[in-house]
Structure formats: C-alpha cells, structure tokens
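Listed below, chain by chain, are the residues.
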Amino acid sequence: MTPALASALTPLMRLMDAETAHGWALRALGAGLAGRSAANAHASLASEVMGLQFANPLGLSAGFDKNALAVLPLMRLGFGFLEAGSVTPRPQPGNPRPRIFRLEEDQGVINRLGFNNAGLDAFLARLRALPRPLPAPLGANVGVNKEGAVPERDYPALYTAIAPLVDYITINVSSPNTPGLRDLQGEAALNGILAAMPPRSVPVLVKIAPDLSEAALLPLLDVCMAHGVAGVIISNTTLARPETLRSAARGEAGGLSGQPLFEKSTAMLRMARRHTQGRIALVGVGGVASAEQAYAKIRAGAALVQLYSGFAYAGPALVPRILDGLAALLARDGFAHVSQAVGADA
C-alpha cells in the first residue's frame, strides 16, 4: 500500500470512535501497511539542530505513538524525526473513556487521555528491539505518574534510563490532563527539575503550554537557557475554547489541538523567538496541516515542526505533500536552505 492509498482509506477510520480508530491505525502502521515515502527528497530541507542531523524539519509529535509500537514504520513515511511517548515511570490506564473527541467541523481534537501508557519497562523493551541505526532522530517524551510523583526524582530517572536509546528527551510539564502537572512550568518548580537532571548525554527539551502569559513564558525560557536546555517545544494542547468552535464536542473537558490552536501557538512561538534570539532551538507544534502552516511556524522561529491532529485527519500522504510544498515555498522566497528562513518573521 502507498501513503496516498492509506490516506484515501483514512475517512473509513472515522466510522469508529476516535480512540478505537487510533488503535487500529497504530496496528496498521506497525504492520507497514501505510507504505513509504522519502524523507530526503529535498536537499534544501536538511538541517542540523541541537547537534542532530535532520533530513527535513517535519516530525510526528508525542502522543501519537505513546508506547513506541510503530517507530520504524512511522519514520518510513518521510518524517524527519519522531517523538514517542509520553511515558511515565509506572504504567497507568489514564482517564475513563471516552477521552478523545473529534471536532471535525473545526479540524480539531480534544483529548483528556491522562498519560495512559504501558510504563517505562515496556517502553525500554521496545526501544531496545528497534534495528539500528534508525532512519531519523528519535525523541522520547517523558512525564510523571498521576499518583506518587516526585518530579525532581522521576524526570532525572527517566532521562537516565532512556537516554542511551534515543537522540533527545522532552520533559513534558504541560499536559492539561494530569492534575498539578502544569504547575511544574513555574520558574521555581522547573528550576528544581532541571537542576536535578544528570549530566547530558543527549539533548533535553521542555514542552510548554500555549496558555502561558508573556509574564510567565519569558522567565521559563530564561530558566531553560540557564540550565542548558537544548530546545523548547511550543506548544502542548490548550484549555481555551475559541468562540469560533462549531463542533458538537467543543464543550468536552481536556486539551484542544489541531486548527483552533494554530494562531495561538504560533504567536507564542514568535514571542519566544524574539526573547531567545536563536540561543535555544524552538520546535513549533499546533495546527500544522499544510506546507503553508509549517512554513509559518518556521518563519516564526521554529527550527523544527511537529504535527499530530493534521496527520490523524489527512493520513500518511500529508507528509510528502507538506515537504514538497515547503521546499517550493523556500525556493519562492529565495531561501536556499530551511535554516535561512527560521525566525524570518519574528
């Protein structure tokens, strides 16, 4: 099967509830049924970020493959990198179902999964089983359990266990579905976590919420830079509900992603770029479903871009479509290389 054919079949998945469809999609991807696409078709899209080599700047966000079930098949769809997880020290079931809601009229998704995952031991076993070298950089997104968490203990322990098996690790302090987690974005709490981290063998990133005010964002960025954090991912899902939402599920509790998040997350990305002035890598995520939107993130300051909801709606064919369009946009604007466009509008 080709990515185009897999995408043509994607609407059939929407006959199931969202979480069941996601499970079947992962099984199909894990079996290699979505085909392959080239990640390195455009030399202008290659870059070095955080000391890592990327064939292109388009990655799959954490949350899609929480348990590292389909890492290699997903990479073969043409992604420049992949982020697995979130993984917590101990397995946990997450919140009761239903907990994923499609907002089709708005091309958005609300989820309140609650860090459901099989835990660290199962995650490590799957990472160890992967054939090496992998075709693209692999990241791991780490979080803490809902109960019994000690962040200054748990994040460093997760880093120590996972770092030998991945290319970078993201500290998730911004999921809205674990009580108290977003409090860890505060200057003092984040400083305590980062100060407890062991010596770095792979880059550390921090993923933040789009609901932070400028007064909260800038000190957080300063803490990250002071502790040698390699990158900041902007952003996680939002608790806000724009008045423009039309879908019946718009009132469901949880984090909103997809198209309704695009403007808000991109504005925060631009703000972060102005403050950091290129001293730290920024990863743009939130509402990316086209080459134009990926390019807007890059021009706002993102060295790398991630997608999730757009991929869930459009299927595997979206990846080469974005990459082809992105290369054309760079050429149109006179950029020989994607790194030249980073922050052009910031």
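Before reading on, note that the structure itself is shown above.
Chains are numbered independently. Their residues run from 1 in the order of the written sequence. Given that the model is predicted, a residue must reach a pLDDT of at least 70 before its local features are reported, and side-chain atom pairs must reach 80 or more before they are shown or counted; all residues, however, enter totals for whole chains, interfaces and linings. The side-chain quantities take in all heavy atoms of the structure and omit both hydrogens and water.

> Explain the layout of surface pockets to me, and be specific about the residues and the numbers.
Its boundaries defined by the atoms lining it, the second largest pocket holds a volume of some 380 Å³. With a 1 Å grid spanning the protein atoms alone, the term cavity applies to any set of points in which a 1.4 Å probe fits but cannot get out, the term pocket to an open set with protein on both sides within 12 Å along at least five of seven lines, and the term lining residue to any residue with an atom within 4 Å of a point. Lining the second largest pocket are 19 residues, and of these Glu19, His22, Gly23, Leu26 and Asn116 sit closest to its centre. Looking at the lining of the second largest pocket element by element, the count peaks at seven residues for helix 2 (residues 18-30). Charged residues are taken to be Asp, Glu, Lys and Arg, nonpolar residues to be Ala, Val, Leu, Ile, Met, Phe, Trp, Tyr, Cys and Pro, and polar residues to be all remaining types, Gly included. Looking at the lining of the second largest pocket residue by residue, the classes come out as eight nonpolar, seven polar and four charged. Grid points are joined across faces, edges and corners, and a volume is the space filled by probe spheres set on the points. Only DSSP runs of H or I reaching four residues or more are called helices, and only runs of E reaching two or more are called strands; each is numbered from the N terminus.

> Pulling in residues and values, what's your account of the sheet that holds strand 4 (residues 81-87)?
Strands sit in the order 3-4-7-8-9-10-12-13 around a closed barrel of eight strands; the barrel is parallel. Averaged over all adjacent pairs, the angle separating strand axes in this sheet is 25°, with direction ignored. Whether two strands pair comes down to DSSP finding at least two bridges between them. Pairing geometry for strand 3 (residues 58-60) and strand 13 (residues 304-307), over three bridges, is parallel. Of the residues in strand 13, the one forming a bridge with leucine 60 is leucine 307. Fitted lines through C-alpha atoms give the axes, limited to the stretch in contact for helices. The angle between two N-to-C directions lies from 0 to 180 degrees.

> Explain the pattern of salt bridges to me, and be specific about the residues and the numbers.
The working definition used for a salt bridge is a side-chain nitrogen of Lys or Arg within 4 Å of a carboxyl oxygen of Asp or Glu. Scanning the model with the defined rule gives 11 salt bridges in all. One salt bridge connects glutamate 19 with arginine 97, and the closest N-O pair in it is separated by 3.4 Å. One end of the pair, glutamate 19, is in helix 2; the other, arginine 97, is in the loop between strand 4 and strand 5 (100-103), and 78 residues separate them in sequence. For glutamate 252, the salt bridge identified is with arginine 112, shortest N-O distance 3.0 Å. Placement of glutamate 252 in the loop between strand 10 (231-234) and strand 11 (255-258) and of arginine 112 in the loop between strand 6 (108-111) and helix 4 (120-129) is noted, with a sequence separation of 140 residues between them. Take glutamate 252: its relative accessible area is 27%, and that puts it in the partly exposed class. Categorising residues by exposure relies on relative accessible area from a 1.4 Å probe, with only protein chains included: less than 20% of the type maximum marks a residue as buried, more than 50% marks it as exposed, and the intermediate range marks it as partly exposed.

> Outline the sheet that holds strand 11, supporting the account with residue identities and numerical values.
Adjacent strands of a sheet pair through backbone hydrogen bonds, lying either parallel or antiparallel. Within the open sheet, the three strands sit side by side as 5-6-11. Their pairing is antiparallel. The open sheet has two free edges, formed respectively by strand 5 and strand 11, since each of these has just one partner strand. The average undirected angle you get between the axes of adjacent strands in this sheet is 25°. Two strands pair when backbone bridges link them, and strand 5 and strand 6 are joined in this way by four bridges, in the antiparallel orientation. From the neighbouring strand, arginine 102 faces strand 6, where its bridge partner is valine 109.

> Tell me about the packing of helix 7 (residues 214-226) against helix 8 (residues 262-276), and name the residues and values.
Where helix 7 meets helix 8, the closest approach of the two axes is 10 Å, and the angle between their N-to-C directions is 50°. Between helix 7 and helix 8, the angle falls in the class oblique. The handedness of the crossing between helix 7 and helix 8 comes out as right-handed. Contact with helix 7, carried on its side by Glu214, Leu217, Leu218, Leu221, Asp222 and Met225, involves Met268, Met271, Ala272, His275 and Thr276 of helix 8 and no other residues of that element. Classifying every residue of the contact of helix 7 with helix 8 by side-chain character gives seven nonpolar, two polar and two charged. An angle below 35 degrees is read as roughly parallel, one above 145 as roughly antiparallel, one from 65 to 115 as roughly perpendicular, and any other as oblique. By definition, any crossing whose near helix is turned counterclockwise from its far helix by less than a right angle is left-handed, and any crossing with a clockwise turn is right-handed. Two residues form a contact once any of their heavy atoms are found within 4.5 Å.

> Requested: an account of the environment of arginine 27, with residues and values cited.
You can see arginine 27 is positioned in helix 2. Sequence-wise, arginine 27 and leucine 69 are 42 residues apart; in three dimensions their C-alpha atoms are separated by 8.2 Å.

> Report on the packing of helix 5 (residues 151-162) against helix 6 (residues 187-196), specifying residues and quantitative values.
Where helix 5 contacts helix 6, the two axes come as close as 8 Å, and the packing angle between them is 45°. If you check the angle between helix 5 and helix 6, you find them oblique. As helix 5 runs across helix 6, the sense of the crossing is right-handed. Note on element contacts: helix 6 touches helix 5 through Gly192, Ile193 and Ala196, opposite Pro151, Glu152, Tyr155 and Pro156. Of the residues assigned to the contact of helix 5 with helix 6, the class counts are five nonpolar, one polar and one charged.

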